[in-house]
Every structure is written in C-alpha cells, then in structure tokens.
Amino acid sequence: MSIESTENMNKFEKIVENLKKALKIKSDKDLAGKLNLKSTAFSERKRTNSIPHNEILELCISENLNINEIYTDKKEEIDYKEEIIKSLENLLENDIKSIYHFTKSKEL
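Treat the numbers as computed from the prediction; the structure is a model and nothing was measured.

Definitions and limits used
- Residues numbered from 1 in each chain as written.
- Predicted model: local features only at pLDDT ≥ 70, side-chain atom pairs only at ≥ 80, totals over all residues.
- Heavy atoms only, no water.
- Core = buried A, V, L, I, M, F, W, Y, C linked by side-chain atoms within 4.5 Å.
- Buried < 20%, exposed > 50% of the residue type's maximum accessible area, 1.4 Å probe, protein only.
- Helix = DSSP H or I, 4+ residues; strand = E, 2+ residues; numbered from the N terminus.
- Contact = heavy atoms within 4.5 Å.
- Salt bridge = Lys/Arg side-chain N within 4 Å of Asp/Glu carboxyl O.
- Arc of directions from axis to C-beta.
- Phe/Tyr/Trp six-rings, centres within 6.5 Å; stacked < 30°, edge-to-face > 60°.

With that settled, consider the nonpolar core. Ile-15, Leu-19, Leu-31, Leu-35, Phe-42, Ile-56 and Ile-70 are the most contacted members of the largest nonpolar core, which has 18 residues in total. Elements with a contribution of two residues or more to this core: helix H1 (3-23), helix H2 (28-34), helix H4 (53-62) and helix H5 (67-72). When residues of this core are assigned to their parent elements, the largest contribution, five residues, is made by H1. Once residues within four sequence positions are removed from consideration, Ile-70 is found in contact with Ile-15, Asn-18, Leu-19, Ala-22, Ile-56, Cys-60 and Leu-65.

Structural data, given as structure tokens:
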C-alpha cells in the first residue's frame, strides 16, 4: 500500500468519524443512509478509500454542519455578527433594504 493511499484511508476514516460524531450516529449503515448511499456503495467507497465529497457537502448543507470541521477536525469559532457585517458591506443598497425589512418582520 502506498503512502498516499494510507493517507487517504486515514482521511476517509477521520471524515467518517467526524460525521458520525456530529450527527450522533454510530454505524456505517446509518451514515450511508444520511449520505444517500446504499450500504454496499458506502462499503465499496470505504474499501477503495474514495471519499464521497459531493454527498458530504450536501449532508453538511442539509444538517448545517461546518464542512471545515468535518474535513480538518479543527473546531472553528465563527463570529456570525462580524461575518454578516462583512457580507453587508458587499451588498447593493436594495439588498440591504431587503435584509432590513426581513429582520424587522421577524420582530413582529
């Protein structure tokens, strides 16, 4: 086994471990279901160390998981308020007005 395939295997296993922990599930079968993969397809990917990137991305989006934490194992504290302010600085005036009215409607 080459060094590269060993690294991929370790990466695959770490990503699987991080996903299971984030989703609070234990089995590969449950994770395969969350990834919309058949158990046999998941097992084959695991055997060949083929990370299902698209499925993981879709799962992270649908479950609101931080993809960086899943792939890198690094906890990332996000300052959401600061990130929104940065995003607002790049918006057009009409976009800003829309967001303002949206947030105000939430207060009602």
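Next comes the rest of the account.
Attention now moves to the pattern of salt bridges. This structure, assessed with the given rule, holds five salt bridges. Between Lys-46 and Asp-28 there is a salt bridge; the shortest N-O distance is 2.6 Å. Taken together, the residues Lys-46 in helix H3 (residues 39-48) and Asp-28 in helix H2 connect sequence positions 18 residues apart. Residues participating in the shared-partner salt-bridge network are Lys-20, Asp-28 and Lys-46.

On to the environment of Pro-52. The topology assignment puts Pro-52 in the loop between H3 and H4. Each C-alpha atom, one on Pro-52 and one on Phe-42, is 8.6 Å from the other, the two residues being ten residues apart in sequence. Ignoring sequence-local partners within four residues, the contact set of Pro-52 consists of Phe-12, Leu-35, Leu-37 and Arg-45.

Let us now look at H4. Among the residues of H4, those classed as buried are Ile-56, Leu-59 and Cys-60. Summarising the axial view, the buried residues of H4 lie within an arc of 100 degrees, below the 170-degree limit, and thus occupy one face. Exposed positions of H4 whose direction lies more than 90 degrees from the buried face are Asn-54, Glu-58, Ile-61 and Ser-62. Looking one or two residues past H4, Asn-64 carries a phi angle of roughly 55 degrees, positive in sign.

Looking now at the packing of aromatic side chains. The final tally for this structure, using the stated rule, is one aromatic pair. Considering the side-chain rings of Phe-12 and Phe-42, the 6.1 Å spacing of their centres and the 45 degrees angle between planes classify their relative orientation as tilted. Here Phe-12 is found in helix H1, whereas its partner Phe-42 is found in helix H3, with 30 residues between them in sequence. Judged on exposure class, the residue Phe-12 and its partner Phe-42 are both buried.

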